[in-house]
Amino acid sequence: MKRRSFRPWDSDPRGTSGRRLRHRRSLLTITAPWQGPVIALMTVVLAGACGYRLTEGWDWGDCFWMVLITVSTIGYGEVQPLTPEGRLVTVLIVVGGVIVVQLIIQRVLGLTESGYFRQLRELRFQQRLQRMKHHVILCGYGRIGQEIAAQLQRDQVPLVVIETDPNREAIASSAGLQVLQADATVDETLLDAGLEHCRSLVAALPGDAANLYVVLSARGLKPDCRLIARANSDEAAAKLRLAGASVVVSPYVAGGRVMAASALRPLALNFMELLAGSDYEIEEFQLSHDPRRLRRIQGLSLAELELGKRSGALVLAIRDQHGLIANPGGDTLLAPGQLLIVLGSQGQLSQFLAQLGDAVEGIETMTS
């Protein structure tokens with residue numbers, strides 16, 4: 001289940017200036033190795049063009065064209081018959097071109113050995129991560145992490161995986177995922193993964209202590225982030241909740257509940273699985289407890305508001321202080337503090353939300 005907040009969150013600036021500085025340094029590191037060969041090539045071209053201009057008196061277009069066909073060894077032929085001085089300039093251009101080519105070859109071989117091209121790929125990967133918005137960060141790509149990732153991929157949700165194990169990192173990469181091979185318990189890793197712009201973070205590491213560190217770090221960096229954590233024991237689950245986890249899931253407890261639901265309510269379970277593979281969602285719209293925010297809708301019934309007719313979404317149930325009203329009728333009145341459980345597509349749910357306006361203080365998605 002994932003919560004979306006309506007107030008704009010203030011991103012924690014910690015680490016932002018440092019990452020920007022490192023990004024600028026990375027750009028300098030990427031461009032610096034090529035400065036020497038580029039300057040040498042420009043020097044040969046400009047000097048050769050000036051030489052032809054002085055010795056032959058050609059216009060600048062012919063001068064640069066002659067330098068180009070000489071340096072590139074295309075050999076289309078001379079623009080005009082050369083004087084002895086012009087031939088000397090041509091010889092110097094050929095020698096300079098050979099030196100520049102040798103310099104470039106040596107530089108490419110040296111960069112290959114130093115891991116330059118690997119750094120270039122990493123920089124491009126970091127740039128892709130910085131452009132990601134409203135994605136999910138998955139910490140850990142074990143058996144549970146792989147199942148989570150597969151489900152998110154089926155729902156076409158943008159995903160970034162953080163994994164330290166090279167073998168699991170290779171498996172995730174082969175599955176077409178964006179993988180950051182780093183320690184998820186480090187604040188800088190979470191920031192590099194785009195924590196400031198993510199929709200939620202899932203801590204699915206095998207150890208409870210590691211998941212606790214991840215939750216503490218993420219909660220400190222982005223207080224309003226939705227955090228889902230894995231726990232292997234009740235004690236660990238309690239500590240994760242104290243640390244700020246929005247939802248704590250035990251694989252054993254969750255597996256037992258699914259098996260029990262399959263035995264007692266198989267149709268309901270099949271319905272939820274059917275929704276997971278479709279464009280429809282069940283969302284909970286929490287109405288504000290402040291009557292002033294409900295002035296436009298308070299005291300009106302579902303039939304009078306025509307929420308379903310205008311949006312196409314279906315109100316499945318309403319929960320208030322008196323209990324749960326399943327399949328509410330058109331005469332059901334809306335009041336502060338109610339929780340509306342609504343089924344619909346993303347477009348229908350957006351229209352439903354637009355009709356309620358300021359009356360809604362939060363949304364929780366039951367499935368996606």
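This write-up is about the structure you can find in this document.

About the thresholds
Residues numbered from 1 in each chain as written. Predicted model: local features only at pLDDT ≥ 70, side-chain atom pairs only at ≥ 80, totals over all residues. Heavy atoms only, no water. Helix = DSSP H or I, 4+ residues; strand = E, 2+ residues; numbered from the N terminus. Buried < 20%, exposed > 50% of the residue type's maximum accessible area, 1.4 Å probe, protein only. Contact = heavy atoms within 4.5 Å. Areas by Shrake-Rupley, 256 points an atom, 1.4 Å probe, with all protein chains shown as cover. Patch = residues over 30% accessible without salt bridge, like charges linked within 9 Å, V, L, I, M, F, W, Y side chains within 5 Å. Salt bridge = Lys/Arg side-chain N within 4 Å of Asp/Glu carboxyl O. Pairing = 2+ DSSP bridges. Polar contact = N/O pair within 3.5 Å; in protein donor to acceptor, adjacent residues only side chain to side chain. Axes fitted to C-alpha atoms, helices over the stretch in contact; angles between N-to-C directions. Parallel < 35°, antiparallel > 145°, perpendicular 65-115°, else oblique. Nonpolar A, V, L, I, M, F, W, Y, C, P; charged D, E, K, R; others polar. Core = buried A, V, L, I, M, F, W, Y, C linked by side-chain atoms within 4.5 Å. Expected span 1.5 Å × (residues − 1). Disulfide = S-S within 2.5 Å.

1. Things to note about the overall build of the protein chain
So, step 1. Across its full length, the protein chain holds 15 helices and 12 strands.
So, step 2. Burial status across the protein chain gives 39% buried among its 368 residues.
So, step 3. Long-range contacts, defined here as pairs at least 24 residues apart, represent 67% of the contacts in the protein chain between residues at least 6 apart.
So, step 4. Accessible surface, the protein chain: about 20,800 Å² in total, of which carbon and sulfur atoms supply 58%.

2. Remarks on a nonpolar patch on the surface
So, step 1. Taken together, Val-38, Met-42, Leu-46, Trp-60 and Phe-64 make up a surface patch of nonpolar side chains, about 470 Å² in accessible area.
So, step 2. At the level of elements, helix H2 (35-56) and helix H3 (60-71) are the ones that each hand at least two residues to the nonpolar patch.
So, step 3. When its relative accessible area of 34% is taken as the criterion, Phe-64 is described as partly exposed.

3. Thoughts on the pairing of strand S8 (residues 280-287)
So, step 1. Burial analysis of S8 places 7 of its 8 residues in the buried class, the great majority of the element.
So, step 2. Inspection of the sheet shows S8 paired to strand S11 (residues 339-345) by 7 bridges, in the antiparallel sense. Directly across from Gln-286, in S11, lies its bridge partner Leu-339.

4. Topic: the side chain of His-135
So, step 1. As for its placement among the helices and strands, His-135 is situated in the loop between helix H5 (116-131) and strand S2 (136-139).
So, step 2. Only 2.9 Å separates the side chain of His-135 from the backbone oxygen of Ala-193, close enough to count as a polar contact.
So, step 3. Among the polar contacts made by the side chain of His-135, one reaches the main-chain carbonyl oxygen of Gly-194 at a distance of 3.5 Å.
So, step 4. In this view, His-135 contacts Pro-158, Leu-159, Val-160, Ala-193, Gly-194, His-197, Cys-198, Arg-199 and Ser-200; residues no more than four positions away in its chain are not counted.

5. Quick look at the environment of Ser-200
So, step 1. Tracing the backbone shows Ser-200 in strand S5 (residues 200-203).
So, step 2. Considered as a pair, Ser-200 and Ile-228 are 28 residues apart in the sequence and their alpha carbons are 7.6 Å apart.

6. So, the packing of helix H9 (residues 208-221) against helix H10 (residues 234-243)
So, step 1. One can describe the packing of H9 onto H10 by two numbers: an axis separation of 9 Å at closest approach and a directional angle of 10 degrees. Classed by the angle they form, the pair H9 and H10 counts as roughly parallel. Residues Asp-208, Asn-211, Leu-212, Val-215, Leu-216 and Arg-219 of H9 touch H10, and the partners they reach there are Ala-236, Lys-239, Leu-240 and Ala-243.
So, step 2. Broken down by class, the residue content of the contact of H9 with H10 amounts to 6 nonpolar, 1 polar and 3 charged.

7. Topic: the nonpolar core
So, step 1. Membership of the largest hydrophobic core comes to 30 residues, with the highest contact counts inside it found for Ile-137, Cys-139, Ile-162, Leu-190, Leu-195 and Leu-201.
So, step 2. Those elements that provide at least two residues to this core are S2, strand S3 (159-162), helix H8 (187-192), S5, H9, strand S6 (226-230) and H10.
So, step 3. Excluding its chain neighbours within four sequence positions, the residues that come into contact with Leu-195 are Ile-137, Leu-190, Leu-201, Ala-218, Leu-221, Lys-222 and Cys-225.
So, step 4. By size, the runner-up hydrophobic cluster in this structure holds 19 residues, among which are Leu-294, Leu-305, Leu-334 and Val-342.

8. Some details on H3
So, step 1. The end-to-end C-alpha distance of H3 is 16 Å, a good match for the 16 Å that 12 residues give at a rise of 1.5 Å each.
So, step 2. All buried positions along H3 are accounted for by Cys-63, Met-66, Val-67, Ile-69 and Thr-70.
So, step 3. Capping the start of H3 is the job of one residue whose side-chain oxygen sits 3.0 Å from the backbone nitrogen of Gly-61: Asp-59.
So, step 4. Once H3 finishes, Thr-73 follows within two positions and takes phi at roughly 60 degrees, a positive value.

9. Structural notes on the pattern of salt bridges
So, step 1. All told, the structure shown has 4 salt bridges when counted by the stated rule.
So, step 2. In this structure, Lys-239 engages Glu-235 in a salt bridge whose closest nitrogen and oxygen atoms are separated by 3.3 Å. One end of the pair is Lys-239 and the other is Glu-235, both in helix H10 and 4 residues apart, which spans about a single turn.
So, step 3. Note that Asp-290 and Arg-292 form a salt bridge whose closest N and O atoms lie 3.2 Å from each other.
So, step 4. Judged by relative accessible area, which is 22%, Asp-290 ranks as partly exposed.
So, step 5. Note on Arg-292: relative accessible area 60%, which makes it exposed.

10. Topic: the state of the cysteines
Between two cysteines, a covalent bond joining their sulfur atoms is known as a disulfide.
So, step 1. The final tally for this structure, using the stated rule, is 0 disulfides.
So, step 2. Cys-225 takes part in no disulfide bond, and the closest cysteine sulfur, belonging to Cys-198, lies 3.8 Å away.
So, step 3. Among the residues examined, Cys-225 registers a relative accessible area of 3% and is labelled buried.

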